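# Examining the three-dimensional arrangement
If you want the building blocks of each chain, they are given just below.
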Amino acid sequence: MVIRHLWLVAALAIATPVSAQMDASATAPDSIKMDLAATDAIRSMLHGAFDEGHIAMLHALGHQQAVASTCSGFEIDPKAFSTEFDLIYDDSNGKPRSLDARQRADIERKATVTMGMAIGAQIAISANDHQAFCQAAIQERASGKATHLVWMK
């Protein structure tokens with residue numbers, strides 16, 4: 001099973017209503033079904049705390065962490081990662097949110113749990129066809145079209 005277009009499908013899944021995802025997932029490969037299920041779980045857990053842009057960013061960071069930990073030739077750039085992760089403190093217009101210490105801690109906790117869910121899901125997905133998973137990541141990095149890239153160049 002080739003996972004080449006997994007991230008394109010995942011990006012569409014984030015923007016597609018759940019009912020449409022369920023219809024599309026009926027004939028999708030297992031890796032796509034797993035990714036959609038993980039995205040739905042993440043979205044459900046974060047309901048109201050983050051917008052779709054935040055969810056997509058956290059999902060992308062989790063994916064890249066999973067790739068870096070399972071595929072050779074990938075390493076996370078700590079500065080780039082920090083810059084991207086800090087987007088959790090901004091609103092949907094990119095403006096810093098006014099957060100007290102409790103709200104900030106809650107957002108950080110939810111974002112961290114989300115990252116863990118995304119990393120775990122992506123590692124499980126990679127187990128379906130590890131070679132294809134890593135090859136797709138190589139193509140993703142080379143394309144320069146993916147958003148929120150935090151891999152070392």
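Definitions and limits used
- Just so you know, the residues in each chain are numbered from 1, in the order the chain's sequence is written.
- Two thresholds apply to this predicted model, a pLDDT of at least 70 for residue-level local features and 80 or more for giving and counting side-chain atom pairs, whereas whole-chain, interface and lining totals are computed over all residues.
- Hydrogen atoms and water are omitted, and side-chain values are computed over all heavy atoms in the structure.
- Numbering of helices and strands runs from the N terminus, with a helix taken as a DSSP run of H or I at least four residues long and a strand as a DSSP run of E at least two residues long.
- The criterion used for residue contact is that any of the two residues' heavy atoms lie within 4.5 Å.
- Note on geometry: axes are lines fitted to C-alpha atoms, helical ones only across the stretch in contact, with angles between N-to-C directions running from 0 to 180 degrees.
- Put simply, angles under 35 degrees are roughly parallel, angles over 145 are roughly antiparallel, angles from 65 to 115 are roughly perpendicular, and the rest are oblique.
- What makes a crossing left-handed is the near helix being turned counterclockwise from the far one by less than a right angle; a clockwise turn instead makes it right-handed.
- Residue type decides the class: Asp, Glu, Lys and Arg count as charged, Ala, Val, Leu, Ile, Met, Phe, Trp, Tyr, Cys and Pro as nonpolar, and the leftover types, Gly among them, as polar.
- Any two rings among Phe, Tyr and Trp, with Trp reduced to its six-membered ring, count as a pair given centres within 6.5 Å; such a pair is stacked if its planes are under 30 degrees apart, edge-to-face if over 60, and tilted if neither.
- Three labels apply to residues, based on accessible area from a 1.4 Å probe with only protein chains included: buried if under 20% of the type maximum, exposed if over 50%, partly exposed otherwise in between.
- The criterion is that NZ of a Lys, or CZ of an Arg, lies within 6 Å of the ring centre and within 35 degrees of the ring normal, and then a charge sits over that ring.
- The disulfide criterion used throughout: a pair of cysteine sulfur atoms within 2.5 Å.
- Pairs of N or O atoms are called polar contacts if they sit within 3.5 Å, as long as, within protein, a hydrogen donor faces a hydrogen acceptor (for residues adjacent in sequence, only side-chain-to-side-chain pairs).

### So, the environment of I42
Assignment of secondary structure puts I42 in helix 3 (residues 30–45). Residues I42 and A111, spaced 69 residues apart in sequence, show a C-alpha to C-alpha distance of 9.8 Å. Excluding its chain neighbours within four sequence positions, the residues that come into contact with I42 are I55, H59, T114, M117 and A118.

### Examining the packing of helix 4 (residues 52–70) against helix 6 (residues 101–128)
For the pair helix 4 and helix 6, interaxial distance at closest approach is 8 Å and the crossing angle is 50°. Taken together, the axes of helix 4 and helix 6 lie oblique to each other. Taken as a pair, helix 4 and helix 6 cross one another with a handedness that is right-handed. Along the contact surface, helix 4 presents L58, H59, L61, G62, H63, Q65, A66, S69 and T70, while helix 6 presents A111, T114, M115, A118, I119, Q122, I123 and S126. Classifying every residue of the contact of helix 4 with helix 6 by side-chain character gives 8 nonpolar, 9 polar and no charged.

### A look at the packing of aromatic side chains
Counted under the stated rule, the structure contains 2 aromatic pairs. Here F81 and F85 contribute two aromatic rings whose centre-to-centre distance is 5.9 Å and whose plane-to-plane angle is 15°, an arrangement assigned as stacked. Placement of both F81 and F85 in helix 5 (residues 78–85) is noted, with a separation of 4 residues, approximately one turn of the helix. The class of F81 is buried, set by a relative accessible area of 19%. A cation sits over an aromatic face here: R104 above Y89, 3.9 Å from the ring centre. Taking the ring centre of F74 as reference, the NZ or CZ of R141 above it sits at 3.9 Å.

### Observations concerning the state of the cysteines
One pass over the full model with this rule turns up 1 disulfide. Here C71 pairs with C134 through a disulfide, and the sulfurs are 2.0 Å apart. When the S-S torsion is -85°, as for the bridge of C71 with C134, the disulfide is left-handed. Linking C71 in the loop between helix 4 and helix 5 with C134 in helix 7 (residues 130–143), this pair joins segments that are 63 residues apart in sequence. Of the two residues, C71 and C134, neither departs from the other in class, the shared state being buried.

### Quick word on the side chain of Q64
Locating Q64 in the fold gives a position in helix 4. Of note is the side chain of Q64, whose polar atom sits 2.7 Å from the backbone oxygen of H148. Setting aside its immediate chain neighbours within four residues, Q64 contacts I76, H148, L149, V150 and W151.

These figures come from the coordinates and say nothing about function on their own.
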